[in-house]
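Spelled out, the chains give:
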Number of protein chains: 2
Amino acid sequence: MRHICDPNETCPVMKAVEVVGDWWSFLIVRDAFLGRKRFGEFQTSLGVAKNILTDRLRKLVDAGVFEQVPAADGSSYKEYALTKRGRELLPVLVALGDWGAADGGAMPVVDRKTGKPVRLEFCTADGRKVKVEDVQMVTE
Amino acid sequence: MRHICDPNETCPVMKAVEVVGDWWSFLIVRDAFLGRKRFGEFQTSLGVAKNILTDRLRKLVDAGVFEQVPAADGSSYKEYALTKRGRELLPVLVALGDWGAADGGAMPVVDRKTGKPVRLEFCTADGRKVKVEDVQMVTE
DNA sequence: CCGTATCCATTCCGATACTG
DNA sequence: CAGTATCGGAATGGATACGG
């Protein structure tokens, strides 16, 4: 995919899309958040061709989203674990899931410590929530 | 793009990706949030081929992200305006932009009423912020 | 089980030309 | 300016076979 978009314009959205903007990459990351780690798990879960999966996993490793760690079962294979950087993609995933779940069927996320549900919200520095329709981007 | 992913599994992330997961669609929406409305504006801004732009705009209109409205300048053309549903994509855009801006150069968003900066955060129902690393998805 | 390599069909995209 | 139509090349992805 060639894209022109003024190169001076270092748009952060575009930088992110360069890495995870691909269809499969994105679903692989989603699967990882759901606990999948092994090549075969991704492969059967997503039904993606193996060469494609290989390619995307490598790119995601290169981008620092995954790291390869020894398999938990002691086999000689590797598992793909989300890095810190990779786990920071959770807001993206949740935002997208919330939008996709027009009706209330959103993917639930919880506070690991308390087990209580959490939601993604726009907040001011002093902790006040701001509704989506009251938020706007500023061009500069 | 064919995708197998168990059809029973109505994953909201996937539903969202079906609509805006395309590279160009996503950047068009970003441009719209930056104030662009006209065919030509998108075209020169993104450098995308016109036939592709036509196609993506139509799909986004079909998906309810954009609606066509009469041009503000009274010309006989149409402008593409984000619908309510389309504006609800802002959290996705901001999450992605935050992630893409590893260093602090994130795209700023503000509360329209007060002009104060806002950020996207995970919160509990009682308004407490939860750090990303303490949030986890629950499988079911 | 985890990947790599190859092949082929399809899709996608950009350029161009054309219409109103 | 805002599209539509068409065409050829490039990239992509799926299937398959193969190897560690």
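Since this is a predicted model, take the numbers as computed values, not measurements.

1. Remarks on the protein's contact with DNA strand D
Inference 1: Surveying the vicinity of DNA strand D reveals 17 residues, the closest of which are A:N51, B:R38, B:K50, B:T54 and B:Y77.
Inference 2: When the atoms of DNA strand D within 4 Å of the protein are grouped by moiety, sugar and phosphate amount to 59% of the total.
Inference 3: Take A:N51: an N or O atom from its side chain is 2.5 Å from a base nitrogen of DNA strand D.
Inference 4: A distance of 3.1 Å is found between a base nitrogen of DNA strand D and a side-chain nitrogen or oxygen belonging to A:Y77.
Inference 5: Every element with two or more residues in the surface near DNA strand D is listed here: α4 (50–62) of chain A together with α3 (39–46) and α4 (50–62) of chain B.
Inference 6: Examining the composition of the surface near DNA strand D, we find that 4 residues originate from one element, α4(B), more than from any other.
Inference 7: Its residues assigned to classes, the surface near DNA strand D shows 7 nonpolar, 4 polar and 6 charged.

2. Details of the nonpolar core
Inference 1: One finds A:F66, A:F122, B:F66 and B:F122 to be the most contacted residues of the largest nonpolar core, which totals 80 residues.
Inference 2: In contact with B:F66, not counting residues within four places along its chain, are B:I28, B:V29, B:A32, B:L57, B:L60, B:V61, B:Y80, B:A81, B:L82 and B:T83.

3. Focus: the relation of the copies chain B and chain A
Inference 1: Superposition record for chain B on chain A: RMSD 0.1 Å, screw rotation 180°, translation along axis 0.1 Å. In the structure described here, the two chain copies are related by an operation that fits a two-fold rotation axis.
Inference 2: Both copies contact each other with a shared surface, as 100% of the interface residues of chain B are interface residues in chain A too.

4. Some points on the environment of A:A63
All names here are of chain A.
Inference 1: Within the secondary structure, A63 sits in the loop between α4 and β1 (66–70).
Inference 2: Residue A63 is classed as partly exposed on the basis of its relative accessible area of 31%.
Inference 3: Considered as a pair, A63 and R30 are 33 residues apart in the sequence and their alpha carbons are 16 Å apart.

The rules we used
- Residues numbered from 1 in each chain as written.
- Chains lettered and ligands numbered in written order.
- Predicted model: local features only at pLDDT ≥ 70, side-chain atom pairs only at ≥ 80, totals over all residues.
- Heavy atoms only, no water.
- Near = heavy atom within 4 Å.
- Polar contact = N/O pair within 3.5 Å; in protein donor to acceptor, adjacent residues only side chain to side chain.
- Helix = DSSP H or I, 4+ residues; strand = E, 2+ residues; numbered from the N terminus.
- Nonpolar A, V, L, I, M, F, W, Y, C, P; charged D, E, K, R; others polar.
- Core = buried A, V, L, I, M, F, W, Y, C linked by side-chain atoms within 4.5 Å.
- Buried < 20%, exposed > 50% of the residue type's maximum accessible area, 1.4 Å probe, protein only.
- Contact = heavy atoms within 4.5 Å.
- Least-squares fit on C-alpha atoms with pLDDT ≥ 70 in both.

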